[in-house]
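Residue-level listing of the chains:
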Amino acid sequence: MSDVPKSHPRYLSLTLRDRIVEGVEKGITSIHGLIAHGRGEAFDYLIGEKTQSFATNAICVAAAMLKLSNHPVISVNGNVAALVPKELIELAHILKAPLEVNIFHTETGREEKIRQHLLKNGADNVLMPSQDAQLSYIDSNRKYVHPGGIFIADVVFVPLEDGDRCEALRKMGKDVVTVDLNPMSRTAKQASITIVDNVVRTLPLLCKEILKLTNDSDLQNKLTHYNNEDILQQALQYISRSPDG
Ligand code: PTJ
């Protein structure tokens with residue numbers, strides 16, 4: 001870890017960079033994850049590095065969707081494993097849902113390192129991709145899934161993704177909840193619910209929101225009235241506001 005003083009104005013941002021760099025050094029995060037993180041940082045800057053109302057609204061509806069789902073699964077890649085391992089485990093615990101390792105870049109042994117990292121952080125159920133179950137409509141390594149996990153899931157929580165699998169999951173009739181700082185990404189556009197926010201801010205809020213939920217008919221109502229395109233438009237409008245807006 002680099003020696004960033006807490007008083008540094010960019011302390012939080014620099015700490016997150018450290019976590020990603022550490023992830024690469026441990027073999028959990030792909031080297032390509034550094035580029036993805038930088039891309040995220042740029043968008044985070046544009047949304048003021050705060051959870052804005054378009055994200056809060058999406059979080060409320062995502063909480064309802066996950067709570068109402070019969071078989072939710074939390075997909076874990078190398079970036080989120082490095083950034084928010086404990087928060088992913090907490091979400092899995094609250095939803096009684098499995099975590100499933102699913103990565104795009106296929107460095108040898110990285111899937112197992114991610115699994116070990118999650119177990120070390122307290123996870124008790126980490127599913128691994130298998131040759132026995134494959135998603136349709138996708139050719140990359142992301143097509144390999146667990147037969148009792150993503151393959152049969154009705155809702156998949158897919159934070160920070162590269163697009164192809166989100167599209168494939170939707171074509172297979174599954175709902176996808178994503179967290180993506182870029183409201184123009186293919187994932188953001190394809191997902192059922194897109195939370196345009198930093199995954200490190202979203203996860204604690206999402207867990208809190210799920211714990212607050214009670215009434216099933218209200219939850220269904222929230223889902224019926226949700227429009228993901230509207231949310232993405234709100235995010236884009238916020239990003240293109242005037243400098244003093
Ligand atoms: O571990 P792997 O092999 O599965 O690879 C994971 C990455 C993230 C490298 C891979 O999925 C990838 O290349 O993703 P992309 O295509 O770069 O897309 C990542 C998206 O996440 C971009 O739209 C970024 O803006 C966004 N993003 C990056 N960091 C964050 C983020 N969104 C939310 N929170 C972040 N911290």
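What counts and how
Residues numbered from 1 in each chain as written. Predicted model: local features only at pLDDT ≥ 70, side-chain atom pairs only at ≥ 80, totals over all residues. Heavy atoms only, no water. Helix = DSSP H or I, 4+ residues; strand = E, 2+ residues; numbered from the N terminus. Expected span 1.5 Å × (residues − 1). Buried < 20%, exposed > 50% of the residue type's maximum accessible area, 1.4 Å probe, protein only. Arc of directions from axis to C-beta. Contact = heavy atoms within 4.5 Å. Pairing = 2+ DSSP bridges. Right-handed = clockwise from strand over helix to strand, strands pointing away. 1 Å grid on protein atoms, 1.4 Å probe; cavity = no way out; pocket = protein on both sides within 12 Å on 5 of 7 lines; lining within 4 Å. Points joined across faces, edges and corners; volume = space filled by probe spheres on them. Nonpolar A, V, L, I, M, F, W, Y, C, P; charged D, E, K, R; others polar. Axes fitted to C-alpha atoms, helices over the stretch in contact; angles between N-to-C directions. Parallel < 35°, antiparallel > 145°, perpendicular 65-115°, else oblique. Left-handed = near helix turned anticlockwise from the far one by under 90°.

Novice: Account for helix α11 (residues 228-239), naming residues and giving values.
Specialist: An α-helical turn contains 3.6 residues, so any two residues separated by three or four positions project in the same direction. Between its terminal C-alpha atoms α11 stretches 17 Å, which fits the 16 Å expected from 12 residues at 1.5 Å a residue. Where α11 is concerned, the buried positions are N228, I231, L232, A235 and I239. The buried residues of α11 occupy an angular sector of 95° when projected down its axis, which confines them to one face. Away from its buried face by more than 90 degrees, α11 exposes E229 and Q237. Contacts made by the buried residues of α11 are with α2 (32-46), α3 (53-68), α8 (186-190) and β8 (193-195).

Novice: Tell me about the pairing of strand β6 (residues 155-159), residues and numbers included.
Specialist: Of all 5 residues in β6, 5 are buried; the element is thus mostly enclosed. Side chains V155, F157 and P159 project from β6 onto one buried face, and the interleaved V156 and V158 project onto a second face that is buried too. In the sheet, strand β1 (residues 72-76) pairs with β6 via 3 bridges, with the strands oriented parallel. In the strand pairing of β6, V73 is matched with V156. Direction of pairing for β6 relative to strand β7 (residues 175-179): parallel, over a ladder of 5 bridges. For V155, the partnering residue across the bridge sits in β7 and is D175. A crossover links β6 with its parallel partner β7, the connecting element being helix α7 (residues 164-171), and its sense is right-handed.

Novice: Go over the layout of surface pockets with me, naming the residues and quoting the values.
Specialist: Considered as a void within the structure, the largest pocket measures approximately 950 Å³ in volume. Around the largest pocket sit 47 residues that line it, and A36, H37, G40, N79 and L160 are the ones nearest its centre. Of all the elements in the fold, those that place two or more residues in the lining of the largest pocket are α1 (11-26), α2, α4 (78-83), α8 and α9 (199-212). Taken together, the residues of the lining of the largest pocket break down into 18 nonpolar, 15 polar and 14 charged.

Novice: Tell me what's going on with the packing of α1 against α2, and back it up with residues and numbers.
Specialist: Packing of α1 against α2 brings their axes to within 10 Å, and their N-to-C directions diverge by 165°. By the angle between their axes, α1 is roughly antiparallel relative to α2. Crossing of α1 against α2: the hand is right-handed. Residue-level inspection shows S13, L16, R17, I20, V21 and V24 of α1 in contact with α2, the latter providing G33, L34, H37 and E41. Split into classes, the residues belonging to the contact of α1 with α2 amount to 5 nonpolar, 3 polar and 2 charged.

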